[in-house]
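# Working through the structure, step by step
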Amino acid sequence: MAATLVYVPRETSAVSVGADEVAIAIARHAKEAGAGIELVRNGSWGASWLEPLVEVVVDDQRIAYGNVTAADVADLFAAGFLEGGDHARRLGPVDEIPYLIDQDRWTFWRCGLVDPLSLDDFRTHKGFAALEKAFAIGHDAVLEAVAASGLRGRGGAGFPTGIKWRTVADTESEQKYVACNADEGDSGTFSDRMLMEGDPFGLIESMALAGFAVGASKGYIYLRSEYPLAHTVLSRAIETARHNGWLGNDIQGSGFDFDIDLHLGAGSYVCGEETAMLESLEGKKGIVRYKPPLPAIEGLFGKPTVVNNVVTLASVPNIVRLGAERYASLGVGRSKGTLAFQLAGNIKRGGLVEKPFGITLRELIEDWGGGTASGRPVKAVQVGGPLGAYLPASQLDTPMDYEAFIQIDAMIGHGGIVVFDDTADMAQQARFAMEFCALESCGKCTPCRIGSTRGVEVIDKMIANDDRDANYDLLVELCDTMEGASLCAMGGMTPYPVRSVLKHFAGDFAPAAGGSE
Ligand SMILES: Cc1cc2nc3c(=O)[nH]c(=O)nc-3n(C[C@H](O)[C@H](O)[C@H](O)COP(=O)(O)O)c2cc1C
Ligand code: SF4
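The following refers to the structure shown. In this text, all values refer to a predicted model and were calculated from it rather than measured experimentally.

### Overview of the environment of R224
Relative to the helices and strands, R224 is located in the loop between strand 7 (218-223) and helix 11 (228-243). Here the alpha-carbon distance between R224 and E205, two residues 19 residues apart in the chain, equals 20 Å. Beyond its immediate sequence surroundings of up to four residues, R224 is in contact with A182, D183, E184, G185 and L264. Within the structure, R224 has its side chain in polar contact with the backbone oxygen of D183 (distance 3.1 Å).

This is the structure we're talking about:
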């Protein structure tokens, strides 16, 4: 009799709530029962609130069981789990779970579905089909497709990827590089990690595609050190790809050479800034470089370099395979395609939701997220990481669209959405923004290095109700200086969360401080 396939995620959020123990318990109970099972450690489908989400394949259908604990396993076996038996944990077929099927999974479609370390499974699910197509259509057609798709960088700034790739392709050099930014330092974000843990070959293919398009033979992944599981998975996948001729010289007889080095960061937020990342990759201290020159012209080791976020890169294979028009037909205005929104903070159903741009914050937080975990009203939402504005509940109907967010002095960034309920003290959050900047500043420029420390002091005085109006004016002036005179967005954008608190939550400072909404 064929072994029954059982999927238990090996993904950081699932593992943090006991997925490894569940896997061990399932293996042990199956052995005791004399039942043949094949245990696959897949990635996460993104429904973190249901983890560990275990699946068993019955009649070619994947039946899901949610929030399974090791203590449930004996009970599950007694209920006929291996035949899809009924149990309180049973959610039904995984492809009928609304949280998952109502998404448009353009970039994350293989996450959860495949065995991340099986090259065969990857190939069965269109793996390397885009790279093979690229070899057939040529560099220029790939560059054109990326430009026509309207894809913009998912690392934070939303810069058009097609323009960046074309610049690198058009810059003459013996050596060019692809540097994948996997530093993922923003609060409430985990999409890069989920992709690397759930579809590592997908990232490898994406980087090879970028290299082929621009003429680069070497790629680097700059991975944050806090992601040990992603490091293990990626290392193994790179080794397998190399062993099977998908990395290295003359990939599959195409004449194209490309290899990848995996590099661990050292836990600095500013090393996610592209030029600091390049310094760090070169073995130097992670300090921001002056621009120009742009990395696309003089990047890693002074050579033309594509610097892209993990999700930006991973969006490209389907653009090449399925067509730029299809991607560009999703989204709104100049915000094309989909974004993997990450629901975090005080939220009932946290996880990753990939939807086209244009969906509103309210839809994401209420329909997908189910509101706050505490059941209390939403007070504020921080979108785009620690440099993003705190939005009040009155702005929840803002569509997720780069330009619409700029209009309200906010940013979408990497798509992290952190929810706060009405018990949050926003004056403390404003202080935290300045403190974070003071801690993480690379120190190269004065407005950020000194300004953030002075900012904490001024906010402390406002909180203590010490000469509050004068300190309010001082804080506003300090924010203007930091925004206008900082060398990079670290100091330049820290004023955004601070000003948003002054604008929307002034009441959280001493009573008579400053303006109000
Ligand atoms: C302080 C700071 C931290 C950043 N951290 C990250 C990061 O962790 N990951 C990332 O992809 N981009 C980060 N960025 C943005 C990068 O500088 C750069 O814009 C991005 O890697 C380019 O890739 P993209 O065009 O695909 O977005 C950061 C920027 C700043 C100013
Ligand atoms: S703004 Fe801050 S992080 Fe950026 S270069 Fe200046 S000191 Fe460094």
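That covers the picture; the talk isn't over yet.
### Observations concerning the environment of L322
Mapping L322 onto the fold places it in helix 14 (residues 316-322). Residue classification places L322 among the partly exposed residues on the basis of a relative accessible area of 29%. Residues L322 and A130, 192 residues apart in the sequence, show an inter-C-alpha distance of 8.8 Å.

### Describing the site of ligand 2
In the region of ligand 2, 13 residues are neighbours, and C442, K444, C445, C448 and C488 sit closest. A class-by-class count of the residues in the shell around ligand 2 yields eight nonpolar, four polar and one charged.

### Quick word on the sheet that holds strand 14 (residues 378-383)
One open sheet holds the five strands; their spatial order is 13-12-16-14-15, and the pairing between them is mixed. Pairing within the sheet leaves two strands with one partner each, and these edge strands are strand 13 (351-356) and strand 15 (390-392). Strand-to-strand twist across the sheet, computed as the mean angle between neighbouring axes with direction ignored, equals 30°. Note that strand 14 and strand 16 (residues 416-421) share five bridges and pair antiparallel. Within strand 16, the position partnered with V378 by the bridge is D421. In the packing of helix 22 (residues 495-504) onto the sheet, contacts are made with strand 14 and strand 15, and the angle to strand 15 comes to roughly 25°.

### Remarks on the nonpolar core
Judged by nonpolar contacts, the single largest core of 99 residues is most densely connected at W165, L203 and I221. When residues in this core are grouped by element, the largest group, 10 residues, is from helix 10 (residues 200-214). Residues in contact with I221, not counting those within four places in the same chain, are C180, A182, L203, M207, L234, I238, I260, D261, L262 and H263. Counting residues in each nonpolar core, the second largest holds 32 residues, with I347, L361, W368 and A389 among its members.

### Some words on helix 2 (residues 19-33)
Across its 15 residues, helix 2 extends 21 Å between first and last C-alpha, which sits within 8% of the 21 Å expected from 1.5 Å per residue. Every buried residue of helix 2 is listed here: A19, V22, A23, A25, I26, H29 and A30. End-on view of helix 2: buried residues confined to an arc of 165°, all on one side of the axis. Across from the buried face of helix 2, at angles greater than 90 degrees, the exposed residues are I24, K31 and E32. Its buried side turned inward, helix 2 meets strand 1 (4-7), helix 1 (12-16), strand 2 (37-40), strand 3 (54-58) and helix 3 (73-78).

### Remarks on the pairing of strand 8 (residues 259-264)
The pairing of strand 7 with strand 8 spans six bridges and is parallel. From the neighbouring strand, I221 faces strand 8, where its bridge partner is L262. What joins strand 7 to strand 8 is helix 11, and the crossover it makes is right-handed.

Calculation criteria
By convention here, each chain's residues receive numbers from 1 onward along its written sequence. Naming scheme: in the order in which they are written, chains are lettered from A and ligands are numbered from 1. The model is predicted, so local features are restricted to residues of pLDDT at least 70 and side-chain atom pairs to those at 80 or more, both for listing and for counting; the totals for chains, interfaces and linings are taken over all residues. As a rule here, side-chain values cover all heavy atoms of the structure and leave hydrogens and water aside. What counts as a helix is a DSSP run of H or I of at least four residues, what counts as a strand is a run of E of at least two, and both are numbered from the N terminus. Here, two residues are considered to be in contact whenever any of their heavy atoms come within 4.5 Å of each other. In the analysis that follows, any N or O atom pair within 3.5 Å is treated as a polar contact, provided that within protein one partner can donate a hydrogen and the other can accept it, and provided that, for residues neighboring in sequence, both atoms belong to side chains. Buried, partly exposed and exposed residues are distinguished by accessible area as a fraction of the type maximum, computed with a 1.4 Å probe on protein chains only: under 20%, between the cut-offs, and over 50%, respectively. To be near a molecule or strand, a residue needs just one of its heavy atoms within 4 Å of it. Residues are sorted three ways: Asp, Glu, Lys and Arg are charged, Ala, Val, Leu, Ile, Met, Phe, Trp, Tyr, Cys and Pro are nonpolar, and all the rest, Gly among them, are polar. In this scheme, strands are said to pair when DSSP sees at least two bridges between them. Throughout, an axis means a line fitted to C-alpha atoms (over the contacting stretch in the case of helices), and angles, computed between N-to-C directions, take values from 0 to 180 degrees. For our purposes a nonpolar core is just a set of buried Ala, Val, Leu, Ile, Met, Phe, Trp, Tyr and Cys residues, chained together by side-chain atoms within 4.5 Å. Here a helix's expected span is defined as the number of its residues, less one, multiplied by 1.5 Å. An arc is given here, and it is the one of the directions from the helix axis to the C-beta atoms. By convention, orient the strands away from the viewer: a clockwise path from the first strand over the helix to the second makes the crossover right-handed.

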